[in-house]
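What the coordinates show
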Amino acid sequence: MADEAAADSLLDVERQEAALASDGDADLQAFREAVHSLPSDAVKDLMSAWVCSRCIFRLFGLTEPCSCPCLSPSVFTERLMPENLVGSLIDGGSSESEHSTSLPEPVVCSVCLGILQFYHNNDVQLLVSKDGMNDLAASIAELVKQEGHQTDSFSLEVSIPSITLDNERVIMSYMSRKYGSQLYSQERSFSECICLKNALKSLIKAPLETLLGVKYGQGPLHIRLTYSESSKTIEKSVEHKFGATSKRRKKGNENGLETVDGLMNSGIGCIATGVGHSVVTDTPVNGLQHHQSSDFSKLLLEKVRRPCSLSFHCNRDPIYFGGRYLKYSRNVSQTCWMIDEDRMGEASVEEIISSCILLMCRGDKYKFHAAGREDMDVRMLGSGRPFLVEIQNPRHVPSDVLVKDIEHKINSSREKLVRVKNLKLVGSQGWTLMREGEAEKQKQYAALVWISRPLEDPDLLSISSVRDMCILQRTPIRVLHRRSPLDREKIIHWLVFFFFQLRVIIERIKTCL
Amino acid sequence: MLQVPMTDQSAQQSSISTDSAAAQNNSSSTELKEVRKVDGDDEDKELHELLMPDVRNLPLAPPSAVESNFVAYFAPDFMKPGHDQYVYRHPNGLCVVGLAPTHVAFRDEGGVMGVDFNVGKSDRSAIKVTGKRKKNAQHFESNTMLCKVCTKSDSYVVRCCVKGSLLEVNERLIKQPDLLNSSADREGYIAIIMPKPADWLKVKATLLGLEEYKRLKEQC
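Residues numbered from 1 in each chain as written. Chains lettered and ligands numbered in written order. Predicted model: local features only at pLDDT ≥ 70, side-chain atom pairs only at ≥ 80, totals over all residues. Heavy atoms only, no water.

With respect to the helices and strands, B:Gly120 occurs in the loop between β5 (118-119) and β6 (122-123). Expressed as a C-alpha distance, the spacing of B:Gly120 and B:Cys147, which sit 27 residues apart in the sequence, is 8.7 Å. (Helix = DSSP H or I, 4+ residues; strand = E, 2+ residues; numbered from the N terminus.)

So, about the pairing of strand β10 (residues 164-169) of chain B. All names here are of chain B. Burial analysis of β10 places 6 of its 6 residues in the buried class, which makes it a mostly covered element. By the bridge criterion, 3 bridges tie strand β7 (residues 138-140) to β10 in an arrangement that is antiparallel. Its bridge partner lying in β10, histidine 139 is registered against serine 165. Note that β10 and strand β11 (residues 191-194) share 4 bridges and pair antiparallel. (Buried < 20%, exposed > 50% of the residue type's maximum accessible area, 1.4 Å probe, protein only. Pairing = 2+ DSSP bridges.)

What follows covers the packing of helix α15 (residues 349-361) of chain A against helix α16 (residues 400-411) of chain A. All names here are of chain A. The geometry of α15 relative to α16 is characterised by a closest axis approach of 10 Å and an angle of 140° between their N-to-C directions. One element, α15, and the other, α16, form an angle in the oblique class. Seen along the crossing, α15 lies across α16 with a hand that is right-handed. On α16, the residues that touch Ile352, Ile353, Cys356, Ile357, Leu359 and Met360 of α15 are Ile406, Lys409 and Ile410. Looking at side-chain class alone, the contact of α15 with α16 contains 8 nonpolar, no polar and 1 charged residues. (Axes fitted to C-alpha atoms, helices over the stretch in contact; angles between N-to-C directions. Parallel < 35°, antiparallel > 145°, perpendicular 65-115°, else oblique. Left-handed = near helix turned anticlockwise from the far one by under 90°. Contact = heavy atoms within 4.5 Å. Nonpolar A, V, L, I, M, F, W, Y, C, P; charged D, E, K, R; others polar.)

A few words on the nonpolar core. The nonpolar side chains of a soluble globular protein tend to be buried with one another. The biggest cluster of nonpolar side chains holds 53 residues, and the ones touching the most others in it are A:Val51, A:Leu116 and A:Tyr227. Sorting the residues of this core by element identifies α3 (40-48), α4 (53-59), α7 (132-147), β3 (153-159), α8 (162-185), α9 (196-212), β5 (221-228) and β6 (309-316) of chain A as the ones contributing at least two each. The contacts of A:Leu116, once residues within four sequence positions are left out, are A:Cys52, A:Arg54, A:Cys55, A:Arg58, A:Leu196, A:Ala199, A:Leu200 and A:Leu203. Among the nonpolar cores identified, the runner-up in size contains 33 residues, and B:Ala75, B:Leu99, B:Cys160 and B:Leu173 belong to it. (Core = buried A, V, L, I, M, F, W, Y, C linked by side-chain atoms within 4.5 Å.)

You'll often see interface size given as the accessible area lost when the parts meet. Contact with chain B, which involves 38 residues of that partner, is made by 28 residues of chain A. With both sides pooled, the region where chain B packs onto chain A buries about 3,100 Å², and carbon together with sulfur makes up 66% of that total. One can count 2 salt bridges joining chain B with chain A. With its nearest N and O atoms 2.8 Å apart, the salt bridge here joins B:Glu171 to A:Arg474. Inspection of the chain B/chain A interface yields 8 residue pairs in polar contact (both at pLDDT 80 or more). Residue assignment for the side of chain B that touches chain A shows that the elements contributing at least two residues are α1 (8-26), α2 (30-51) and β10 of chain B. (Buried area = accessible area lost by both parts, 1.4 Å probe. Salt bridge = Lys/Arg side-chain N within 4 Å of Asp/Glu carboxyl O. Polar contact = N/O pair within 3.5 Å; in protein donor to acceptor, adjacent residues only side chain to side chain.)

Put into structure tokens, the structure is as follows:
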């Protein structure tokens, strides 16, 4: 019976392989060749150290088999079985056991901690599936769909715990020392190792492209995968035996995205060991070299490694809306103005305009920028003040028609406090326009003036004949507390008056700078 | 104040300009092109209407900037009888110091003839305060001398009244001391001082408000 069962399982393997073969015959062929091209004793050594198949390939610098989608560890071991690895592996409870119906705990790679095997720890249970890669791609695609993002391209950002780099380094130096000369004779070296992040990206890229229907690139949509060490890994205190924390901290900035994890690792390390900071950074930097051979054996001995926890998020680049606003009310501030939880004024231009846009774009947050400011009790009339609204992580990029709708909606609100003109989507040129607007600064002011004596024609003539008059303005007391006391040059370009009553003139003054 | 409510007509005008803007982008029918030509005029008209105040609501004389922006405090008989000074405080904390209308200097014949800032240890008009942080500003006590005001017959010392940093003195008074006679409470101010919040609270307790000051001086 046992024989039959064994034969059956072998048959299953054959059938699976056949299925795989029909799926990716060429892939499998290339894979077989790749496996055979590797020095077998080195591979055997790595396998006995619980290094996963993808890591083995990438350590040797082989890209194609590494990115082969239908690469299950079992296929790997199948290939190598003829080389009599079976015995030691079965004893160690190898990943062959995946074939049986009851899945014992699969072995997590000692280098990548399950990242390239697509084993993730959800803090509740270990998520393992035969097709880990495609499952991950499916979950990511599901999230993107849920968020409702619109995009024509996506980019991937990966953040991995720095201990994987340490593991990699340890293995690499061990292998170089032990097999270096052998590899040299075969014209290979370990320097072609493919970095873990790139390997992961190239694996996940293709299925995501298919599922999302868009190309991989710099894309406005950014998908970030964050792998972090599960706290239980530290129990084996692999860290302070390596004494590599100080080195890890330096390495922490290798690929900008690791800093968070580096900090988290040391944080967790402190909690688990219950000792302060000093313990972890005790060992000098070159302690690593001394401990290498013993560490490697520790690696071999400590079979219990927990896979990482994974969280992924997607975020889209912000979009910008430009336009001009008019303010008709003398009780509306430009930005939301709060003093001690009380709102000053009735409303704010920022809120009126931005909240409407944010709603239509289904974004997370808005930022309002305007070319200059005006006081709350001053109206903004004429052509209007240029402004820019930045919407962060928009789910929906509105069409021109929708933008017109937004403008109309703001303008037709009941209170008629604020009006918007020429609202449209702008790219990065929006910022240059704002800067230009601020620099040029030709402004028109209107003022109601009381004159203390009746005006005659000569007076009116002298007013209207002003052209580019230079004046020196001393810093007003109103702003003297926060600005330098200086005399600033201003130019009055022209003065136009509306003669209202004998004693009242309305003047329109145009100034610059 | 001068708020002009938007009339229906101007509301209509503004919606027309929005439509014509849309027409420009879509480049459609001819009738909207005609509106576009008029658009600029419409804008001006709207602006004009908004700017024109309602005559019936206008006061004969507007409130002065000092009245609307500052809170007036008075220090009567500061250190010497008859030396009445004012302290106008702005909401941002800065204090403008000057001679109150009941100051003895104004009773002398001819009024104020000259102002000299070179008193005490330094010439107050020579100090240059720079920057947002107001470097080089001298810290003065409330009884520190600011300047001397001279009339035909006598000279009077003007003091800070408020403990704080001296930001600026009105150096126009050197060339035009008559400003004190014509508008001591406006263009004829003496100096601008920046007190610390704690120092202001202490001094505020010793100063009189406008009503109190008026009542006090009416009795004389």
